[in-house]
Amino acid sequence: MAKVTIDGHLIEVPDGTTILNAARMMGDQHPETMQNVPPAMCYYSKLGESGGKCRTCLVQVTKGSEKDPRPMPKLVASCRTTVMDGMEVQNKLSAQVQEARKGVVEMLLINHPLDCPVCDQAGECHLQDLGYEHGAQKTRYEFDRRTFEMENIGDKIKLHMNRCILCYRCVFTANQITDGRVHGVINRGDHAEISTFIHQAIDNDFSGNVIDVCPVGALTDKTFRFKSRVWNTKPYNAHRDCKHEKCNGNVAVWMAGNNILRVTARKDKWGEVENFICNECRFDKKELKDWIIEGPREMDRHSVNSNTQYVHLAKEKVLKPSETFAVLHPYNGDDK
Amino acid sequence: MSRKLLIDKAHIAGIETFEVYRKEGGYQAAEKALKTMTPDEVTEEVKKSGLKGRGGAGFPMGMKWSFLAKPEGVPRYLVCNADESEPGTFKDRFLMEKVPHIFIEGLIISSYALGANTCYIYIRGEYAWIAKILERTIAEAKANGFLGKNILGKGFDLEIYVHRGAGAYICGEETALLESLEGKRGNPRMKPPFPAVKGLYGCPTVVNNVESLTAVVPIINLGGSEYAKIGTEKSTGTKLISASGNINKPGVYEIELGISVEDFVMSYEYCGGIKNGKKLKACVPGGSSVPILPHDLLFKTAKGDTRLMSYESMSDGGFATGSMIGSGGFIVYDEDQCIVENTYNFTRFYRHESCGQCSPCREGTGWMEKVLHRLDNGNGKIEDIDLLWDIQRKIEGNTICPLGDAAAWPVAAAIRHFREEFEWHVTHPKEAMERNYGLRKNIFVAPASA
Ligand SMILES: Cc1cc2nc3c(=O)[nH]c(=O)nc-3n(C[C@H](O)[C@H](O)[C@H](O)COP(=O)(O)O)c2cc1C
Ligand code: SF4
Ligand code: SF4
Ligand code: FES
């Protein structure tokens, strides 16, 4: 076990834990320290090799360990740096970290289209949250933003490369969760892009999970696109007896009235899926009769729904799906 | 004449063949090491030599070797970094092209010291003809019993393979190189673990530069302590410098570390002074990544000491008034050269070569390029200079691999030492354009209205 102090709070964690996970454990145990958890745009605990890329989780190690108390010379990626006994870390408390993070957020946004008004991820986008917390009011970037053609990855998934932050999560998902990865990163630098080679469809039972891991609106569900803003839908835990060997049929269904508009994996409070789900559950089961509804979901902090007191309300009254919002007129944009 | 140890025989006709190289005393070091020394003794000599890595970072090679993990039953690899893509650097090319056998001999001794039975040379794709030379050299060495099974009857097996890269600068970063060698996309890895523990195919691996590994030959011939007497106390041995720019005699020179920079630039033995009788303006002494030095900080340090061609003297004053030996890519600028244009050119390179994994480098290099392009083209604003400064600061130190730093440093140093020139570009766009491109008429004179 190792004792580590993060922004002045002490926690003891197993050896080999990363700073980020130590902060998350602390957040779990002491909700008041939740705000000290560094934001993570690329790390995903369920995906091996993930992390280290986006640099939003940078923290300052002011004391290396009990044995070697020297501070670390540079900021480190908390998602890829393991704790040492006696380590002292600053996140919120370090002006250097805050400044660097602001820089990272600015970098992530200079080429981002900022098309939130027409983005399906709006309301549950990690980049929106990050921009809100650390972004500047005004951009200093005065050039054309980089653009890519939109792409269909199969008939169910839309790739909107302009929004991508190259976190590589979808690549790891495709690599580790599905058999036969066909998409990856092509080109390099600021002209790198996610794509299949060459414009191949993704065709396997688990491909839809790339939508859930995407922190932004780069990968979206074509069966849900423009049906509703997420905050006008209500999420319920639901399950079905899924026959797929790797899927346990536990999902979240997003409803408006009695209509299931979208099916996703259940996400925890760090925005990560609890378990990956199969494409049949995600794309093909949109009828109420397909599911056994368990009840309203606790929302992860990245969804605007978590701020609407929906959970508390729903808990008190034990709302039935039919008592919630009416169906909204689906958007009939041409870009489906 | 200063002493030469690596390319001293480059002028001998036929030195690229085994026969001539052998006749000139070649492969004696390999014989000495394999026949009379244990691997640990070889490593010990390398440690004693004080040799610093010649690829850019200058990490002591003996120390790197001693970090190599040696678990039982797991193969170890030696990987030679011949990706040489840093702008201004072309020394490994000369070495491999002209005297390939001393290079291969260095690889044999080094592999022996490290207990590696497989050695890879990762060579930049554009050096296609050198890859052929190396393959021929390897075949010759093998035919003569210096490679293959049971070398010199000493029970040591070694195969050397030449692997051509596809022309990416980032694949010179040692972990990106390993990824590329494994057949993957050349993205730098997160460290730790370091290659010494988990390198090629997850096995302990040492990655060293061409010149570093070649220097093992004179180290074994002379003995580590003798070698260490050459150069200065902290910068031992000889170093290849590839000199380019506005000098009379561009080329690859082998110098004893510790000669004065002035001597190197001005003497006929080396660069032969500035071309066309022009004045010296600035110098990038160690490849495009290292800070540029203005003329008044090149021959003398800020303290007023003579600046030497050595690791410690070149970096005297830190980044505020010093620079780095780096890879030995020595680029000289005369009074006519434009620092803004040069900085733009370098930044364009880094933007193009960033792997794109981490946000500050991926986005920041592109942003800097655009701002510099605008400045260079006479459309800049005075705030652009501070903006550039701020962008590079947001990149430096916040990235996965040192390419981010390498992109930030040239911009920082150019602004630090040549801010007035940046300002002049903003206030005198026409003159700046005219100086750089001679395009005044085409660009700035409005066409007569119809
Ligand atoms: C972006 C980048 C490019 C590099 N390119 C080269 C190269 O072309 N050749 C080289 O020897 N080292 C290069 N290096 C340094 C290597 O990562 C590594 O430090 C070196 O090969 C170690 O060898 P040495 O200790 O013998 O110098 C590069 C580093 C970076 C970050
Ligand atoms: S598409 Fe989404 S998940 Fe994939 S790399 Fe881009 S941002 Fe990450
Ligand atoms: S610093 Fe640049 S080149 Fe290095 S890993 Fe990050 S994006 Fe790639
Ligand atoms: S979450 Fe740590 S670098 Fe992206």
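Quick summary incoming for the structure in this document. (Residues numbered from 1 in each chain as written. Chains lettered and ligands numbered in written order. Predicted model: local features only at pLDDT ≥ 70, side-chain atom pairs only at ≥ 80, totals over all residues. Heavy atoms only, no water.)

**A look at the overall build of chain A**
- Check the secondary structure of chain A and you find seven helices and 14 strands.
- The buried share of chain A, reckoned over its 336 residues, is 58%.
- Nonlocal contacts in chain A, meaning residues at least 24 apart in sequence, comprise 66% of its contacts between residues at least 6 apart.
- Roughly 15200 Å² of accessible area belongs to chain A as shown, and the carbon and sulfur atoms make up 50% of that amount. (Helix = DSSP H or I, 4+ residues; strand = E, 2+ residues; numbered from the N terminus. Buried < 20%, exposed > 50% of the residue type's maximum accessible area, 1.4 Å probe, protein only. Contact = heavy atoms within 4.5 Å. Areas by Shrake-Rupley, 256 points an atom, 1.4 Å probe, with all protein chains shown as cover.)

**Considering the overall build of chain B**
- Tallying secondary structure elements over chain B gives 20 helices and 10 strands in all.
- Rg of the C-alpha trace for chain B: 23 Å, near the compact-globule value of 22 Å for 450 residues, within the 12% margin.
- Expressed as lengths along the three principal axes of its C-alpha atoms, the size of chain B is roughly 85 × 45 × 45 Å.
- Counting only residues that meet the buried cut, chain B has 61% of its 450 residues in that class.
- As displayed, chain B offers around 17000 Å² of accessible surface, 52% of which is attributable to carbon and sulfur atoms.
- When the 54 positive and 56 negative side-chain charges of chain B are each reduced to one mean point, those points stand 2 Å apart. (Rg over C-alpha atoms; globule rule 2.2 N^0.38 Å. Lys, Arg positive; Asp, Glu negative; His and termini not counted. Charge placed at Lys NZ, Arg CZ, Asp CG, Glu CD.)

**Re the pairing of strand E12 (residues 250-256) of chain A**
Residue and element names in this part refer to chain A.
- Burial analysis of E12 places six of its seven residues in the buried class, the great majority of the element.
- Inspection of the sheet shows strand E11 (residues 234-239) paired to E12 by six bridges, in the antiparallel sense. Bridge pairing in E12 links Asn 237 to Ala 252.
- One ladder, built from five bridges, connects E12 with strand E13 (residues 259-264); its direction is antiparallel. Bridging across to E13, Met 255 finds its partner in Ile 260. (Pairing = 2+ DSSP bridges.)

**Focus on the site of ligand 2**
- Around ligand 2 lies a shell formed by Cys 164, Ile 165, Leu 166, Cys 167, Tyr 168, Cys 170, Ile 194, Cys 214, Pro 215, Val 216, Ala 218 and Leu 219 of chain A.
- The class makeup of the residues in the shell around ligand 2 is 12 nonpolar, no polar and no charged. (Near = heavy atom within 4 Å. Nonpolar A, V, L, I, M, F, W, Y, C, P; charged D, E, K, R; others polar.)

**Description of the interface of chain B and chain A**
- Tallying the contact residues gives 35 residues for chain B and 35 residues for chain A.
- With both chains or domains summed, chain B and chain A bury close to 2900 Å², and 50% of this area falls on carbon and sulfur atoms.
- Here Glu 99 of chain A makes a salt bridge to Arg 393 of chain B, at a shortest N to O gap of 3.0 Å.
- The interface formed by chain B and chain A includes 22 residue pairs in polar contact (both at pLDDT 80 or more).
- Among the secondary structure elements, those contributing two or more residues to the side of chain B that touches chain A are helix H15 (339-353), helix H16 (359-376) and helix H17 (383-395) of chain B.
- The greatest single-element share of the side of chain B that touches chain A, amounting to 10 residues, is contributed by H16 of chain B.
- When its residues are assigned to classes, the side of chain B that touches chain A shows 11 nonpolar, 12 polar and 12 charged. (Buried area = accessible area lost by both parts, 1.4 Å probe. Salt bridge = Lys/Arg side-chain N within 4 Å of Asp/Glu carboxyl O. Polar contact = N/O pair within 3.5 Å; in protein donor to acceptor, adjacent residues only side chain to side chain.)

**Section: the site of ligand 1**
All names here are of chain B.
- Residues in close proximity to ligand 1 total 18 residues, the closest being Gly 55, Asn 81, Asn 208, Asn 209 and Ser 212.
- One nitrogen or oxygen atom from the main chain of Gly 55 is found 2.6 Å from an oxygen atom belonging to ligand 1.
- Separating an oxygen atom of ligand 1 from a side-chain N or O atom of Asn 209 is a distance of 2.6 Å.
- When ligand 1 sits alone it has 610 Å² of accessible area, and the protein chains cover 90% of it.
- Sort the elements by how many residues they give to the shell around ligand 1 and strand E5 (residues 205-209) lands first, with three residues.
- Counted by class, the shell around ligand 1 contains four nonpolar, eight polar and six charged residues.

**Overview of the sheet that holds strand E7 (residues 157-159) of chain A**
Residues and elements named next belong to chain A.
- The sheet built from three strands is open, its strands ordered E6-E7-E10 with antiparallel pairing. Whereas interior strands pair on both sides, the edge strands pair on one side only; in this sheet they are strand E6 (151-153) and strand E10 (219-221). Each adjacent strand pair in this sheet contributes to an overall mean axis angle of 35°, direction not counted.
- Here E6 pairs with E7 via three bridges, running antiparallel. Bridging from a neighbouring strand, Glu 151 pairs with Leu 159 of E7. (Axes fitted to C-alpha atoms, helices over the stretch in contact; angles between N-to-C directions.)

**A few points about the environment of Thr 173 of chain A**
Residue and element names in this part refer to chain A.
- Tracing the chain through its elements places Thr 173 in helix H4 (residues 169-176).
- Thr 173 gets classed as buried once you look at its relative accessible area, which sits at 0%.
- Note: C-alpha distance between Thr 173 and Gly 48 (125 residues apart in sequence) is 9.1 Å.
- Setting aside its immediate chain neighbours within four residues, Thr 173 contacts Leu 47, Thr 178, Asn 209, Val 210, Val 213 and Phe 276.
- A polar contact is formed between the side chain of Thr 173 and the backbone oxygen of Arg 169, at a distance of 2.7 Å.

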